[in-house]
Amino acid sequence: MAKKRRNVFDKLNTLLFGKDLRVTEGEPYTEVREFDFSSYLPLDNYIRRQSIPNENVFDIRAFGADVNNEDNAEYINSAVEKASKSHGVVLVDGGEYVTTAVTLKSDVTLFICENSAICSNKTGKGYGDKKAILYADSEKNITLTGGGKIKGNGNLFGRKPVADKNNTVPPEYIDVIEMRQDYRSQLRFAHPSKYGGLIYFNNCENVKVDNFILENSAYWTFKISNCKNLDIENLVINNNRNVANADGIDIAGTSDVRINHCFISTADDGIVIKNANWLGNTGPMKNITVTDCEIISRTNAFKVGTETTFDISDITVTDCKFLMTDVYPGAVSGISLEACDGTILSNVKVKNIDMNRCTCPIFIRLGNRNRAAEVNSQSANIIEFGGKGKKGGTSAKSTFDMKSRVKNITIENVTAKGVQIPIIIAGYKQKGKIFRVENITLKNINTEYDNIPETADRRLFIPEYADVYPESWRFRNLPSYALWMRHAKNVKIENFTCIHPHPTWKKEIIAKDVI
């Protein structure tokens, strides 16, 4: 429990005996707790009623699908095969259809009607290596629409959390160490029955999603890998916010993506950009635009990283709201821009963002985790399925070592309330070399601290944390409240204010090795 002052014993206990609260034993825990799902769910703002198509339609019921079947994959896949030959519409109507993996084909529109759905089964079996309910590989011209759902039953594939219930009470004192423990104690970590997520598109082109709902994913909700030219709008993702690794939209090795007017409520990152060789990505990605979205995330609302070996550039995020409802602690960060595995992250523009209860509003981080030297496609995420990874990296240690860069970032017109951590801008020093984030502009940034006093935790020094998982909470209790910078070059700050409602031992701004 957070308290007014962390003494020497508290600090030693954290260093010597502090442990992660990942639960690795036990049977599936299926209960849906109060506030697992956000109480704020503005469906009417995003989902509209659509008329059912009446031409070139392939109703899955005509192929044998039935709401009473244990598995409708055979029948849905047959409808997809027929529809792909004539640019047809696969119609899902009349209720909820349990299925294992459905493989979409080119030139198909999947139309799921309002009050209808395709759903995962309750065992997690039958999905194979696709790790998704809806899968497409090397296809083009795919549309998802209709106002209906894909349902993942995510609460069925995790273990019981340490905490007996969701925490809906703010802390007495702000303490980042306790904050992280409180968050981890509420998570349902993977049971080996976990099958995957809801949608996985690989090597696809010209994908459109409009007026669609994704619900209760067990893992990454919408994975987009090595694709090109996607338009996603009026999409609602409504996940259990305690299902570990339930990201919203994962964009990996994919260029030319437009996400507009979407609502995402999820346990892990809301929208996250990745580009790593162990994910099967092969080269640079660029041109990602996110506009007019509302994102609720227990971790990072919008994030670049952490799985990033190849370059990422030309990202624009505008006119969005990042928030947390009901539960504590708040989101780890609102905007998180990270490069730690080899990527050069550049040309990012963020503008007109409203945040509420994102503990760290802006986190810009250059590090040298160099994960490709340690993990491969099998081991990288196997722990998220309750398994063990095989040894061996994807690349030699020297391939991406100290290659990451962060540069040319502009963030303006941000209002953030309920802040509990300063804005963090950090490069790193390793093996006697200094690597700085470069050309960072913060303009019209207004933050307001939560009305909670802070634990006094005066630290003699702040470690570099260069080779570990990059996260704002990793820096623990910092000695500034508005802005903390280290190893940076050419940082421009214009019209930056921070309201702090309590007397504090912290400085407003700390800048070390900033040139």
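Use the structure listed above.
All values reported here derive from a predicted model rather than from experimental measurement. (Residues numbered from 1 in each chain as written. Predicted model: local features only at pLDDT ≥ 70, side-chain atom pairs only at ≥ 80, totals over all residues. Heavy atoms only, no water.)

## Observations concerning the pattern of salt bridges
Move 1: Inspection of every chain in the model, using the stated rule, returns 22 salt bridges.
Move 2: Notably, a salt bridge pairs Arg241 with Asp326, separated by 3.2 Å at the nearest N-O pair. With Arg241 in the loop between β13 (228-238) and β14 (249-252) and Asp326 in the loop between β21 (312-323) and β22 (331-339), this residue pair connects regions lying 85 residues apart in the sequence.
Move 3: Arg241 sits in the buried class, given a relative accessible area of 1%.
Move 4: One salt bridge in this structure joins Asp247 and Lys274, with 3.4 Å as the shortest N-O distance. With a gap of 27 residues between them, Asp247 in the loop between β13 and β14 and Lys274 in strand β17 (residues 271-275) connect regions that are remote in the sequence. Residues Asp247 and Lys274 agree in their burial class; the two are buried.
Move 5: If you follow the salt bridges from partner to partner, you end up with Asp247, Asp250, Lys274, Glu307 and Arg371 in one network. (Salt bridge = Lys/Arg side-chain N within 4 Å of Asp/Glu carboxyl O. Helix = DSSP H or I, 4+ residues; strand = E, 2+ residues; numbered from the N terminus. Buried < 20%, exposed > 50% of the residue type's maximum accessible area, 1.4 Å probe, protein only.)

## With respect to the pairing of strand β5 (residues 108-112)
Move 1: Burial analysis of β5 places 4 of its 5 residues in the buried class, the great majority of the element.
Move 2: Sheet topology places strand β2 (residues 89-92) next to β5; 4 bridges connect them, and they run parallel. In the strand pairing of β5, Val89 is matched with Thr109. (Pairing = 2+ DSSP bridges.)

## Some thoughts on the nonpolar core
Move 1: By size, the foremost hydrophobic cluster in this structure holds 123 residues, and its most contacted members are Phe201, Phe322, Ile411 and Ile425.
Move 2: Ranked by the residues each element gives to this core, the list is headed by strand β30 (residues 480-499), at 9 residues.
Move 3: Once residues lying within four places of it in the same chain are set aside, the contact partners of Phe322 are Ile295, Ala301, Phe302, Val317, Gly334, Ile335, Ile353, Asp354, Met355, Asn356 and Cys358.
Move 4: Ranked by size, the runner-up nonpolar core spans 12 residues in total, among them Phe310, Ala372, Val375 and Ala380. (Core = buried A, V, L, I, M, F, W, Y, C linked by side-chain atoms within 4.5 Å. Contact = heavy atoms within 4.5 Å.)

## A closer look at the layout of surface pockets
Empty space among the atoms becomes visible once a probe the size of a water molecule is rolled across them.
Move 1: Reported here for the largest pocket is a volume of approximately 860 Å³.
Move 2: Taken together, 37 residues form the lining of the largest pocket, with Arg22, Asn245, Arg369, Glu384 and Tyr469 sitting closest to its centre.
Move 3: Secondary-structure elements contributing two or more residues to the lining of the largest pocket are α3 (176-185), β20 (300-308) and β22.
Move 4: Looking at the lining of the largest pocket, the element that brings in the most residues is β20, giving 5 residues. (1 Å grid on protein atoms, 1.4 Å probe; cavity = no way out; pocket = protein on both sides within 12 Å on 5 of 7 lines; lining within 4 Å. Points joined across faces, edges and corners; volume = space filled by probe spheres on them.)

## Re empty space enclosed by the protein
Move 1: Tallied over the entire structure, the rule returns 1 cavity of 30 Å³ or more.
Move 2: Looking at side-chain class alone, the lining of the largest cavity contains 3 nonpolar, 2 polar and 2 charged residues. (Nonpolar A, V, L, I, M, F, W, Y, C, P; charged D, E, K, R; others polar.)

## Considering the environment of Lys131
Move 1: Its place among the elements puts Lys131 in the loop between β6 (117-119) and β7 (132-137).
Move 2: The exposure class assigned to Lys131 is partly exposed, which follows from its relative accessible area of 38%.
Move 3: Taking the C-alpha atoms as reference points, Lys131 and Gly197, 66 residues apart in sequence, are found 6.2 Å from one another.
Move 4: Excluding anything up to four places from it in sequence, Lys131 contacts Tyr195, Gly196, Gly197 and Phe385.

## Some points on the environment of Tyr46
Move 1: Position of Tyr46 relative to the elements: it lies in the loop between α1 (8-17) and β1 (57-59).
Move 2: For Tyr46, the residues in contact, after removing those within four places along its chain, are Asn211, Asn234, Val236, His261, Cys262, Phe263 and Glu294.
Move 3: Here the side chain of Tyr46 touches Glu294 through a polar contact of 2.5 Å, side chain to side chain. (Polar contact = N/O pair within 3.5 Å; in protein donor to acceptor, adjacent residues only side chain to side chain.)

## Topic: the packing of aromatic side chains
Move 1: As enumerated under the stated definition, the model contains 15 aromatic pairs in all.
Move 2: With a centroid separation of 5.5 Å and an interplanar angle of 65 degrees, the aromatic rings of Tyr135 and Tyr200 are classed as edge-to-face. Of this pair, Tyr135 sits in strand β7 while Tyr200 sits in strand β10 (residues 197-202); the two residues are 65 residues apart in sequence, bridging distant segments of the chain.
Move 3: Taking the relative accessible area as the measure of exposure, Tyr135 reaches 14% and is therefore buried.
Move 4: An aromatic cluster is built from Phe363, Tyr465, Phe475 and Trp484, whose rings are joined through pairwise contacts.
Move 5: One cation-aromatic arrangement involves Lys131 over Phe385; the distance from NZ or CZ to the ring centre is 5.1 Å.
Move 6: Geometry around Tyr328 places Arg357 over its ring, the cationic atom sitting 3.9 Å from the centre. (Phe/Tyr/Trp six-rings, centres within 6.5 Å; stacked < 30°, edge-to-face > 60°. Lys NZ or Arg CZ within 6 Å of the ring centre and 35° of its normal.)

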